[in-house]
Amino acid sequence: MPLLLTFLFIITIGGSSVFKVGIFVPYARNETTLAATQFADWLVRSGIQVVMLSPSKPGKGVHTHWDSRVIYRKPSHNENKTKLFEWAFNCTHICWFEPDEWAFRMSKIVCADSRHKFTKHYFFPSRCTAKEDSKKIKEFLDLVDEVICLNRSMLHWLNSFHPSHSLSAPRSMINICSPSTPVQSRYGPKTSGKVKLLVVVTKSAIYDVGIGLLDVFDYLLLSHENLEITVLLQTSWPSYFRQKLSAIAKLHGERLSVVTSPDYYDYPKYTFENDWVYLCSTRHDYGSLISVLAGTGTPLICHTLPPVLDILGGLLTNGQACKLIDTGVFDTNTCPIADVDVDDVGNRLDEIIGSPSVILQQSQIESFMQQRKSARLFDRFIDTNFISTESKA
């Protein structure tokens, strides 16, 4: 991972690029920003200059490179325009991760717009924001040159709730993929004779799944003497959750450890240190967290919730690269929400942890193969939409 970040930094500061891509995203610790930074890394990897603008005060702990380089469009109206003009000037492409009609029309003032050279505007819609401002998204769909969905489920949702018409921009999709593809496959457990499980618990899962999830940890540690669990909390838990988790940790000692609110760029480190990763998430948007966790080649255990199968399941050979927990889904106008039964979670994790090591080895190999194939597809997508098309123009 450090080698990748060094590589990205060298490309960004070294020399000039004929391509300049502006990315508009409210920079914060969320899936939207995670998707935007992954996309930016892919562009930089292809030798493209990237400038990122945030309409709100940027957060920290998302990306070691972009955290300090995102431009903040401050509240002052005049400064708003100046920052935005500087960001949009000379861009060959602009990627919008949030619909902002005012910023879009301001950017058009300085963007190239002629028969021989013009700036292409791409919109990357989010399901989570649709309920809050569906009208704003619907209008923005007609302003841009193309709409790109970062998973197949997103495209299906968009076509269902915002059908295209004669004036709509064309729509396409590509399943998001981590730019940090592993060089070689892992093989076997991290530590001989032990099984290491990383449990990533998202903010929504705390309330959607409930405190019964902690009983699953206790049950697994009692059932498997060779098991070590690391619980990665995306955000701090309520006090009664913390108290029960602390009691379970005292009972099992060093076999249960807890990490609270680490920076997003540290997730791959924790993933790589374990044999399996259980993503306890009841809602997904872009699927960017899934792609970050899968980027190290460590096999994932996920709920059958969109867009898990788009990102991990579509390229499986015989279903070993990702283990699934069958889950009911409450389908809404925005994000589908998983209906999780903690007994099903416990039984499925018990089955996977107790499986022979050959199952882990097979999952590791197929997870590696899937990541390499996904990376090739995404690399081709970048070339087609940002390099080849510009050359033709």
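Every value quoted in this text rests on a predicted model; they were computed, and no experiment measured them. (Residues numbered from 1 in each chain as written. Predicted model: local features only at pLDDT ≥ 70, side-chain atom pairs only at ≥ 80, totals over all residues. Heavy atoms only, no water.)

Caption draft 1: Summary view of the nonpolar core. Counting 80 residues, the largest nonpolar core has I23, F39, W96, F97 and F386 as the members making the most contacts within it. The biggest single contributor to this core is helix α2 (residues 31–45), with eight residues. Once residues lying within four places of it in the same chain are set aside, the contact partners of F386 are F19, V21, F39, L43, I48, H93, C95, Y122 and F381. Within the second largest apolar cluster, 35 residues are counted, among which are L220, L227, L233 and L305. (Core = buried A, V, L, I, M, F, W, Y, C linked by side-chain atoms within 4.5 Å. Buried < 20%, exposed > 50% of the residue type's maximum accessible area, 1.4 Å probe, protein only. Helix = DSSP H or I, 4+ residues; strand = E, 2+ residues; numbered from the N terminus. Contact = heavy atoms within 4.5 Å.)

Caption draft 2: How the structure looks around the state of the cysteines. For the structure on display, the rule yields zero disulfides. With no disulfide of its own, C91 has C111 as its nearest cysteine by sulfur position, at a separation of 6.2 Å. Residue C91 is classed as buried on the basis of its relative accessible area, which comes to 2%. Judged by relative accessible area, C111 falls into the buried class, the value being 10%. (Disulfide = S-S within 2.5 Å.)

Caption draft 3: Quick look at the packing of helix α8 (residues 212–223) against helix α13 (residues 342–353). Running from N to C, α8 and α13 point in directions that differ by 25°, and their axes come no closer than 9 Å. Between α8 and α13, the angle falls in the class roughly parallel. When you trace α8 past α13, the crossing you get is right-handed. Contact residues: α8 offers G212, L213, V216, Y219, L220 and S223, while α13 offers V342, V345, G346, L349, D350 and I353. The residue makeup of the contact of α8 with α13, split by class, is eight nonpolar, three polar and one charged. (Axes fitted to C-alpha atoms, helices over the stretch in contact; angles between N-to-C directions. Parallel < 35°, antiparallel > 145°, perpendicular 65-115°, else oblique. Left-handed = near helix turned anticlockwise from the far one by under 90°. Nonpolar A, V, L, I, M, F, W, Y, C, P; charged D, E, K, R; others polar.)

Caption draft 4: A look at the sheet that holds strand β6 (residues 146–149). If you walk across this open sheet you meet the seven strands as β3-β2-β1-β4-β5-β6-β7, and the pairing is parallel. Of all the strands in the sheet, just β3 (71–72) and β7 (171–173) have a single pairing partner and so form its edges. Note that β6 and β7 share three bridges and pair parallel. Paired with I148 across the two strands is S172, which belongs to β7. Strand contacts of helix α5 (residues 134–141): β4 (93–96), β5 (120–123), β6 and β7, with the helix running at about 145° to β5, the strand carrying the most contacts. Against the sheet, helix α6 (residues 152–161) makes contact with β6 and β7, and its axis sits at roughly 155° relative to β7, the strand it touches most. (Pairing = 2+ DSSP bridges.)

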